[in-house]
Every structure is written in C-alpha cells, then in structure tokens.
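Structural overview for review
Below, each chain spelled out in residue letters.
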Amino acid sequence: MQDFRNAFSLAFELIASLDANLLSIVGLSLRVTFAALLISCLIGLPIGAALAVSRFPGRGAIVVVFNTMMGLPPVVIGLLVYMMLSNAGPLGVLRLLYTPGAMVIAQTILVTPIIVALSRQVIEDLDREYAEQFRSLVVPFPAAMAALLWDARFALATVALAGFGRAIAEVGAVMIVGGNINHVTRAMTTAIALETSKGDLALALALGIILLLIAMTVNAAVQGIKASARRNAYA
Amino acid sequence: MHDTAALREAPPVSPPECLRTATGRYPLSVRGLSYSADGQDIIKKVSFDLPSDDLTVLMGPNGAGKSVLLRLLHGLMAPTGGTILWNGRPIDRALRKSQAMVFQKPVLLRRSVLQNLRFAMGLRGLARSRGDLEPILKRLHLQTLADRPARLLSGGEQQRLSLARALALKPEILFLDEPCANLDPASVQLIEDTIKQAQAQGTKIILVTHDIHQARRLAEQVVFLHHGQVSEITPADIFFNAASSREARAYLDGKILI
Amino acid sequence: MLSKTALSAAFIAFAALQWTAVPASAEDRFIVIQSTTSTANSGLLDAILPKFKDKTGIDVRVVAVGTGQAIKNATNGDGDVLLVHAKPAEEKFVADGWGVKRYDVMYNDFVIVGPENDPAGIRGMENATDALKKIAKAKAPFASRGDDSGTHKKELSLWKSADIDVTSASGSWYRETGSGMGATLNTAAGMNAYALTDRATWISFKNKGGLAILTEGDDRLFNQYGVILMNPEKHAAVKADEGGAFIDWLTGPEGQQAIANYKLDGQQLFFPNANKATN
C-alpha cells in the first residue's frame, strides 16, 4: 500500500511545517471538544454523584437510560440537534446552526451520558466506602456530594478522558450541525471525512495520525497526573 | 431540650466517681429492640437501661450482635422494632450530631491528616485553624503527620486520626467498634488513655471489644451479648470476678460459645 | 450557596461557548450556501470564493452535501443561497415558493467510469442508455449513490430511459452506497464496479484505483448547475442582499470568468453558461 507510507511522511511534513490550515483545524477540534467536555462535566458530574448516593423509585430506570444513551449513534444526535437549531426548528432564532457553538451542543449531548454513567459508577464505589462514616458524621447531602466528587477527582479524570475520546473522534454529529465549513466549522474528523471523499486517502490518514497523536498527548497528561496522585494515595 | 453546648464546655464539675451517680447526663433506655436482615434475627427484642455515664463495654462472642447494637444506638441503622431513647428522646439528626463513632476499619478521606479533621469540624461549624487543631493532633501524636496524606499512614496512625476526628467534634456520646483490633501496642496505649481522658471530661463512652484484657483495663460496666440478646449488665469489678450469666462465665473462661 | 454554584456553572458554560465562537471580524458579513460535494470537493469554490470576498467583503460559508439534502436544508431555511445540479428539483423548489428565482450558472457533464478490463464492454460507447443496458445484461457490479443527490437523480432517469428496473437488482449487481460521490467512487474502486460520476469530481478524485472513463459524450449526460436565492418571505433570516450580491457576481462576467479559469491538471472542470440561460 503506497498510501500507508505516504500517509506517515505526509503527517510528519504537516506537523513539521506547522501548516496554518492544519493548526486552525486542530485548534477548532480541541476548542470544541474541551468546551463540550467542560459543559458535560458541569452537568454530568452532579447528576452522576446524585444518582450514586440517592435511592428513589425510578432511579434504576434513569441509570438504564443514561447507560443506553452512551451508545447513541452520533448521527442521531446530530440530526436531533440539527432539527432543533434549524431555522425551521424551535431554536432557529439562536442562529447557531453551522457554527462551532452548534458543534459544542451536539458533543455535549454526546458526552454528558458518558460522564453521568461512568461518574455514577466511580462515585458509587467511593460512596460504599464513605457512606457509613458520613452518616455517622451527619454530613448533609450537598456536602457529601461535594466531598465524594472531590475525593474521586482523579478517578473522574479517567471518566472525563472517556468523554474526551468520544468527542474528539466523533464525526457524524459535528458534520451535520457544523456543516464542515472551511475555516469555520472544519474539525479534524470532518476534514478526514472530506479528504476520504476526495479520494485523497494518504492525506486523510495523515490527519488521522495527527488526531491520534493529540489524543495520545491528552491521555499521557492525565495519566501523569493520576500517577502523582497515586503516590499520595489520593486516587 | 437541654443546652448541650453549655454542658460540653463546662469543665467536669467533680471527679469521675462523683459523676457516676445512679443517673448520668445521658441515660439510655432500650425497649423491645430488634433488628433482622435477610430473614435473620440479629438483635432479638432487647430491653435494657444504661442510666449512668459509666464507661460501658459491649462484650460477647463473634456474631452476638455487638456491632449491630452499637450501630442501632448511634442511629446508623433503623431497627426493625422497638425503641431507643437517649435522655427520653428518640434518635434524630440533631441527636446524632451530638454523637460520634470510631469504626474498626478507619474510613479516611483521600486528603491530608489536617484536611480530614477540618472536614469533620466544618460540618459542625467549629473553629478549624491549624492552631485550633494543634491540641487534638498533639494528644494523639499526630502533629508531625499533619500534612501527610491520611491514607499513607500506618494502621495505628489512621485509627488515632479517626479518634482525633471523632473527639474534635466534641461529642456527648462516643461509640467505638473494636478500635484497637490489630494495632501496635503504642497506639493501643495512646487510644485507651485518650478514651479514658475523654470520659473524664464528660463524654459517655460505649465500646465494643472482644479483647478481654482491654475490657478489663477500660470497662466500668459490661453489657454481655449472646445470640442477639443481653445476658447481663454488670459493674466491671463484679463481672470479671463473678459474672452472673452462664454464657459470660464460659466466655471469660475461654470456652468457645456457639 | 447552591444557587451560587449553579450561577458560576452557567457562567463557565457560557464562557466555554464564547471561547469556541469565531472571532468577530470574520463573523461580520457572511452567507451560507447549500451546495453539492462536486462543486466543493473539486476545489472550484475554494478557488473562486476568495475573489468574491475580496470584492465585497462577504464571506461565503459552504455546506457541501448531496443535492437532495441541500434542497431539504434550504427548505428549512438553513442558508441563504442554493447552488446545486438537479434542474427539475430546483424548479420545483422555486415553484413551491422556497426560492426567489433560479439562474443557470455553469455546466459540465457526467461520465460512466468502470474497471479497465470492462467486463460489460462499454468502452468508447457514446450512447449512455445502451451502455447501461450492457452493464445490466452482464450483471456487472454498478455502484449507485442511492442518496437522492443530483447525480443519483440523473442516474435513475438514465436507467428509466434504458427501461431497466434496478430496484429488483438492488443488492445483487446494483449496489446503492447511500453516500456521497467520493465515498461511492471509493466503493466502486474497491469492488471494480461501474459508476456514474460528474467529471469534476472524477478529475479531482485521487483514489481512482483501476477505474477509468469508459462512456462519455452523450447529450443526456449534460450536467447543469443552477443557483437560487432562498425566499426571505419564507424565512426572514435569509440574507437577501448579500445572497443576491453573490448570485449577481457568480452569474456576472467576473464570476463566470473565474469559473472558466479554474483548471485542475490542466483540465477545465466547469463551463460557465449563465448568459445562455433565460435570465
């Protein structure tokens, strides 16, 4: 396969030349993904923690719903967000369609269920350890949740990483709501899809390699933080 | 409702022997208390009174229901039947706030020693500057460990921190569930001394142990539990010489009780 | 305390959204055109749009999808200008009131590509329907867009003229990829199938594999592109002034010249014909 060899040398050339187009695409991908991840964590962590520590009728159903939503195809989410943000849709007045904001919304919907489902698991495990002590200390519900979230923060970093992975690698949703507009909403994944459809497989693969390197860097950084936390027995 | 804050802050008005009158400040009355789980009766319609503030040790063979009874008295679990009255009041949130418990296996936050204390004290709105915490850290020989991650401490250090945290809350009643199991002798000594001191300062102590030597060192009265029922409640000096129940005598003789 | 937390959370979320927003200067004046993959992927729009921006300061943002989806998106009011290639569907779009008026812009042609060894034996044929008949007779694999795009509509009309019912062959030798032109060509290259493609996409396509142009030149393979301003009476958000300016430029001498000048590997991909049209 000629394309394989070309892809690696092309990826290297692109990185070495700090191609301006590439930088703007990578920048957009990272900004959209981190913004979506941040919002997802703000929404998802409290829900996950609340689900972990409380028992009420219907809780099991909610857990099942969030677990199921983890597997929702991105295209479906993209379609739903498109229908909401379209000028013909209820939120058309926001004029968000075909903007990075729309991509953030789609990815937030994509990532939040992951954060909820996985953080619930992490916090439930920690709560099993803390629950009796907290009951003895008479810790109020909000303070217990805050303490669990804080003490689980290094385990939750892995949860966020899972969300990051889903968001940065996702193409179906951002393609529909972003429109893959050059210099505006073209992200790594939509650029890869575009180059593939142009038949430029080497360039598509080169972009894929760069995406992989970025994901690897983020993973390594989180791993480093966790390792230092483990030395303090905080994780 | 009595003013608990005033009582807590008041220095012991008289030496412990004077405190140990027929009725203490925190009389306990238990009536028809039962607890069952998974179809098993763990506590079986138990009724007893602990009117005095004597240092009470719950003894009994494994599986007698000591830990469960302790948790019921602290309100950690809801009984399946019967009543528990502290000073004539049923257990509620406010009452539980005036109690504290040290568990057999210390549960510490993934934070430093100091932050563990601060977290607990913050819950009661108590002062928690480093200076404020200095005495309790010193009391349990933790002052050099203040900034260490709590979960990197040794077993003895962890249990000392656990006791420090409980006492930092200035509880009226302190429950301890096998606090010294598998600890180093120095830590055991320190913990026992601290428990006695707390009692002298007016805290009612209820301790579960099956270490007979520890019971002898600490107990002023013994509640002996067997098969989820109270066999006897006896002042310690009498209990260790001439326990009245057959079960307790057998247990003290080192026989295996089934 | 809780409401304060919620408030700061909302603030952070808002800041995160802002952070992703495009810098204001780029946002000032822009239009969105719903267009097809053939115009975008061939590089035409990338080549000519900067000229329009230099002249007017209006940024043109291109959403490149199949003609069917482009028209659907435009019907929803998502965009200002439609630039596609399926004349009957475009005329219906205008007749239904979604568009103001349709103008011819340019044309090129479709070609039938297929494997070099040409199992159906259509090489050099000029009659497109006869070529399709031979493919059907040989039951040689044929990769169809199957996505309601302009190319797909054209292909279906050719099968109809050839009097061949491809629906019954679907899944056997007739394979509907349900995706864009590029993806369909990738599939065709992968399984040595025949396919109908517009010439611009074919020339700019880089993964030709063992495929080559086998049939071309039939009048029925003519591929006309049209441009339509979306109707601001249907969707108030339509930027009629900017969109109108773009259409004027594209169908005017400067735009037409820019289209004619765009070449790839020395070949002209699109042929301007706005003046020949009935506007």
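Residues numbered from 1 in each chain as written. Chains lettered and ligands numbered in written order. Predicted model: local features only at pLDDT ≥ 70, side-chain atom pairs only at ≥ 80, totals over all residues. Heavy atoms only, no water.

**As for the interface of chain A and chain C**
Which entries qualify depends on this criterion: Pairs of residues are marked as contacts when any of their non-hydrogen atoms sit within 4.5 Å. When two parts are put together, the accessible area they lose, computed with a 1.4 Å probe and summed over both, is reported as buried area. What makes a salt bridge here is a side-chain nitrogen of Lys or Arg within 4 Å of a carboxyl oxygen of Asp or Glu, nothing more. Pairing of N or O atoms within 3.5 Å defines a polar contact, subject to two protein rules: one partner must be a possible hydrogen donor and the other a possible acceptor, and residues neighboring in sequence count only if both atoms are side-chain atoms. Here a strand is any run of E in DSSP of at least two residues, a helix any run of H or I of at least four, and the numbering for each starts at the N terminus.
Across the boundary between the two partners, chain A contributes 29 residues, which contact 30 residues of chain C. With both sides pooled, the region where chain A packs onto chain C buries about 2,500 Å², and carbon together with sulfur makes up 61% of that total. The largest per-residue losses of area from chain A upon contact with chain C belong to Arg 31, Tyr 98 and Lys 198 of chain A, which jointly make up 22% of the total buried on that side. Counting the contacts that link chain A with chain C gives one salt bridge. The closest approach of N and O atoms between Asp 200 of chain A and Lys 206 of chain C, which form a salt bridge, is 2.9 Å. At the junction of chain A with chain C, the criterion picks out 14 residue pairs in polar contact (both at pLDDT 80 or more). Elements with a contribution of two residues or more to the side of chain A that touches chain C: helix H2 (20–53), helix H5 (100–137) and helix H9 (188–197) of chain A. No other element matches H2 of chain A, which puts seven residues into the side of chain A that touches chain C.

**So, the interface of chain B and chain A**
Stated precisely, the cut-off is as follows: Ten residues, namely Ala, Val, Leu, Ile, Met, Phe, Trp, Tyr, Cys and Pro, are considered nonpolar, four, namely Asp, Glu, Lys and Arg, are considered charged, and the remaining ones, Gly among them, are considered polar.
In this assembly, 26 residues from chain B lie in contact with 22 residues from chain A. For the pair chain B and chain A, the two sides together bury roughly 2,200 Å², of which 53% comes from carbon and sulfur. Together, Val 107, Arg 110 and Arg 111 of chain B form the three largest contributors to the area buried by chain B at its contact with chain A, with a combined 29%. The salt bridge involving Glu 129 of chain A is made with Arg 110 of chain B; its shortest N-O contact spans 3.3 Å. Run the count over chain B and chain A and you get twelve residue pairs in polar contact (both at pLDDT 80 or more). Only helix H3 (66–74), helix H4 (93–97), strand S6 (99–102) and helix H5 (113–123) of chain B provide two or more residues apiece to the side of chain B that touches chain A. Taken together, the residues of the side of chain B that touches chain A break down into 13 nonpolar, four polar and nine charged.

**Some thoughts on the sheet that holds strand S3 (residues 56–59) of chain B**
Residues and elements named next belong to chain B. So the rule is basically this: Strand pairing is defined by DSSP finding a minimum of two bridges between the two strands. The axes used here are C-alpha line fits, helices contributing only the stretch in contact, and every angle between their N-to-C directions lies in the interval 0 to 180 degrees.
Read across the sheet, six strands follow the order S6-S7-S8-S3-S9-S10 without closing on themselves; strand pairing throughout is mixed. Either end of the sheet is taken by a strand with one partner, and the two such strands are S6 and strand S10 (229–235). On average, each strand axis in the sheet is inclined to that of its neighbour by 15°, with strand direction left out of account. On the sheet, helix H7 (residues 155–168) packs against S6 and strand S7 (173–177) and is oriented at approximately 175° with respect to S6.

**Observations concerning the domain arrangement of chain B**
All names here are of chain B. Quick reminder of the rule: Where each domain starts and ends comes from a domain assignment, either automatic or drawn from a database.
When the domains of chain B are assigned, the result is domain 1 (48–68 + 89–98 + 171–258) and domain 2 (109–169). Placing a centre on the C-alpha atoms of domain 1 and another on those of domain 2 gives a separation of 25 Å. The junction of domain 1 with domain 2 conceals about 1,200 Å² of combined surface from both sides, 67% of it contributed by carbon and sulfur atoms. For domain 1, the biggest contributors to the area lost against domain 2 are Pro 171, Leu 190 and Thr 194; these three give 39% of the whole. For the pair domain 1 and domain 2, the number of links is zero salt bridges.

**Comments concerning the pairing of strand S9 (residues 222–230) of chain C**
Residue and element names in this part refer to chain C. The condition that has to hold: Relative accessibility decides the category of a residue: with a 1.4 Å probe and only protein chains considered, values under 20% of the type maximum give buried, values over 50% give exposed, and everything between is partly exposed.
S9 sits mainly inside the fold: eight of its nine residues count as buried. Alignment of strand S3 (residues 81–84) against S9, held across four bridges, turns out to be antiparallel. Bridge assignment links Leu 82 to a residue of S9, and that residue is Ile 228.

**What about the pattern of salt bridges?**
Taken as a whole, this structure holds 28 salt bridges over all chains when the rule is applied. For Glu 195 of chain A, the salt bridge identified is with Lys 198 of chain A, shortest N-O distance 3.9 Å. A single burial state applies to Glu 195 of chain A and to Lys 198 of chain A, both of which are buried. A salt bridge links Arg 145 of chain C to Asp 147 of chain C; the shortest N-O distance between them is 3.1 Å. On the basis of relative accessibility, which here comes to 4%, the residue Arg 145 of chain C falls in the buried class. Residue class for Asp 147 of chain C comes out partly exposed when judged on its relative accessible area of 22%. Linked by salt bridges that have partners in common, Arg 59, Arg 120, Glu 124, Asp 125 and Arg 128 of chain A make up one network.

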